[in-house]
Amino acid sequence: MKFLILALALVMYALVIVFQEKKVCWSLGAAAIAIILGTIFPQRIFEGSGAAFAVTHSLTELINWNVLMIYVGSMIIAALFIYSREPSRIADSIIKASPSSGLAIVLILAMTGIISIFVENVATVLVMAPIALALCKKLKISPVNFMVGLAVMSNLEGTATLVGDPPSMIFASFAGYTFNDFFVHNSRLSIFFFIQTGLLVGCVFFYFIFREAKEKIQVEETKVISLFPSALLLLMIFGLAAISFLKIEFAFASGGFVLALGIVGLLWHRFSQKKSSQEIWELVKGLDWETIFFLIGIFVVVGALSESGLLMDFAAFLSKITAGSKIGAFVLILLVSIVLSGFIDNVPYIIVMLPVASHLASSLGIAPELYMFALLIGSCLGGNLTPYGASANVVAMGIVKREGSPMNFGSWLKLGGPFTLLTTAAASIFLWLVWARQ
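Note that the structure is predicted; figures quoted are calculated from it, not measured. (Residues numbered from 1 in each chain as written. Predicted model: local features only at pLDDT ≥ 70, side-chain atom pairs only at ≥ 80, totals over all residues. Heavy atoms only, no water.)

Caption draft 1: Fine view of the nonpolar core. Among the nonpolar cores identified, the biggest contains 150 residues, and Phe146, Met147, Phe206 and Tyr371 are the most heavily contacted of them. What Met147 contacts, discounting residues up to four positions off in sequence, is Val125, Ala129, Ala132, Leu133, Ala396, Ile399 and Val400. (Core = buried A, V, L, I, M, F, W, Y, C linked by side-chain atoms within 4.5 Å. Buried < 20%, exposed > 50% of the residue type's maximum accessible area, 1.4 Å probe, protein only. Contact = heavy atoms within 4.5 Å.)

Caption draft 2: Molecular detail of a nonpolar patch on the surface. A cluster of nonpolar side chains, contributed by Val339, Phe343, Tyr388, Val394, Phe409 and Leu413, occupies part of the molecular surface with about 550 Å² of accessible area. When you line up the elements, Leu413 lands in helix H20 (residues 409-435). (Patch = residues over 30% accessible without salt bridge, like charges linked within 9 Å, V, L, I, M, F, W, Y side chains within 5 Å. Areas by Shrake-Rupley, 256 points an atom, 1.4 Å probe, with all protein chains shown as cover. Salt bridge = Lys/Arg side-chain N within 4 Å of Asp/Glu carboxyl O. Helix = DSSP H or I, 4+ residues; strand = E, 2+ residues; numbered from the N terminus.)

Caption draft 3: Representation of the pattern of salt bridges. If you walk through the whole model with that rule in mind, you get three salt bridges. A salt bridge links Glu282 to Lys285; the nearest nitrogen and oxygen atoms lie 3.5 Å apart. Within this pair, Glu282 and its partner Lys285 are both found in helix H13 (residues 277-285), separated by three residues, close to a single helical turn. When its relative accessible area of 37% is taken as the criterion, Glu282 is described as partly exposed. Under the relative-accessibility criterion, Lys285 is labelled partly exposed at 43%.

Caption draft 4: A look at the packing of aromatic side chains. Scanning all chains against the criterion turns up 21 aromatic pairs. Taking 6.2 Å as the distance between ring centres and 80 degrees as the angle between the ring planes, the aromatic pair formed by Tyr207 and Phe208 counts as edge-to-face. Joined through ring pairs, the aromatic side chains of Phe171, Tyr177, Phe182, Phe194, Phe373, Phe430 and Trp435 make up one cluster. Note that Lys23 overlies the ring of Phe294, its terminal NZ or CZ placed 4.9 Å from the centroid. (Phe/Tyr/Trp six-rings, centres within 6.5 Å; stacked < 30°, edge-to-face > 60°. Lys NZ or Arg CZ within 6 Å of the ring centre and 35° of its normal.)

Caption draft 5: The arrangement of the packing of helix H4 (residues 65-83) against helix H11 (residues 228-246) in detail. Packing of H4 against H11 leaves a shortest axis separation of 8 Å and a crossing angle of 145 degrees. Crossing geometry of H4 relative to H11 is assigned as left-handed. Residue-level inspection shows Ser74, Ile77, Leu80 and Phe81 of H4 in contact with H11, the latter providing Pro229, Ser230, Leu232, Leu233 and Met236. Partitioned by chemical class, the residues of the contact of H4 with H11 number seven nonpolar, two polar and no charged. (Axes fitted to C-alpha atoms, helices over the stretch in contact; angles between N-to-C directions. Left-handed = near helix turned anticlockwise from the far one by under 90°. Nonpolar A, V, L, I, M, F, W, Y, C, P; charged D, E, K, R; others polar.)

Caption draft 6: Molecular detail of empty space enclosed by the protein. One pass over the structure, following the stated rule, counts two cavities of 30 Å³ or more. There is about 50 Å³ of room inside the second largest cavity. Class assignment of the residues belonging to the lining of the second largest cavity gives a composition of six nonpolar, two polar and one charged. (1 Å grid on protein atoms, 1.4 Å probe; cavity = no way out; pocket = protein on both sides within 12 Å on 5 of 7 lines; lining within 4 Å. Points joined across faces, edges and corners; volume = space filled by probe spheres on them.)

Caption draft 7: Expanded view of unusual backbone geometry. A positive phi angle is found at Arg85, which is not glycine, with a value near 70 degrees. Mapping Arg85 onto the fold places it in the loop between H4 and helix H5 (86-97). Since its relative accessible area comes to 42%, Arg85 is described here as partly exposed.

Here's what the structure looks like:
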């Protein structure tokens, strides 16, 4: 049965990689097959008895509805935040306050990363792209480096908090992390600060790229439509922090809170902004539902892999090939994650590898965070390596192509390669210094 489940997962992964536009079909189809096998062979896949257990267990235990509610609610708030034009206003203020255009560009890239902590990466790039293109035209420079910067900086920050990208939510689900745990866990600095180390190194990297742009640019500040979406965003952040601090036991507390805020935002958009029902429907329909349904299928398939014992077997294999070396396993996880995430979707990879990294750490007698954080850093920052490693990269490539400055794989690698290596090295070294000690 282990080999059957492994074969099912491998076929699903292969189909997702080759036919990415159909990834929802492949993940949900594989999940359905796993559930059917669980009903036909009780206790052989899922840890429970009875034919109906596979269905109920998958729907109530394996699929993390709390994470999915957080994702949907935060996407609605992010869409309204973009609608408010607040990001453009902040960028205009940065340009006005900066002594040179080069420094303004670096600060805008840093701001892009910070916004991406709370807003989906592709949406962040699309919001900031017009600002970047307008600035490049005034400076009479190619938009290529600026657009690549927007993409890689938005990808960089996605894992910093619980409400960033799906990988951070998946990690929180697996490790039982609250919003506050992303900042400090067990009295040690957590993943947020390791990612910020990468951000600082990334800013220095881009300063050397744009340091020659010394001209001062004058801009008119964008008029903000409303501050209400910004207030919702802040309320979401502080509310999640409060729920974490109070340690509320209700399983869907975080997800229910964020989803409720999203619904409040939709009601505000409908009645205060006088939007039609059709416009509200278009906003909701435009959310990233593909990732939601993709995750549902992946949760079930990886749950089957885990409960069949395959992931523990893989962890034992990794421990054997690294000869029990703590730093050897650390470097192996980082390098494999960087290379694979440069070409494949990091969401299914992270879901599979989190329990492997945790089991491997336990077998070596070290804190599981050391390897799980290494997995997150390598797989999320590794997406910056190639133009196909993240959706934001593909969007940036499309924008510069429409602007008459097309890029190829080699052109991206010249900028994305050094950026990935420098930021990943900085974040992982800081991680090692904090979490490698017993």
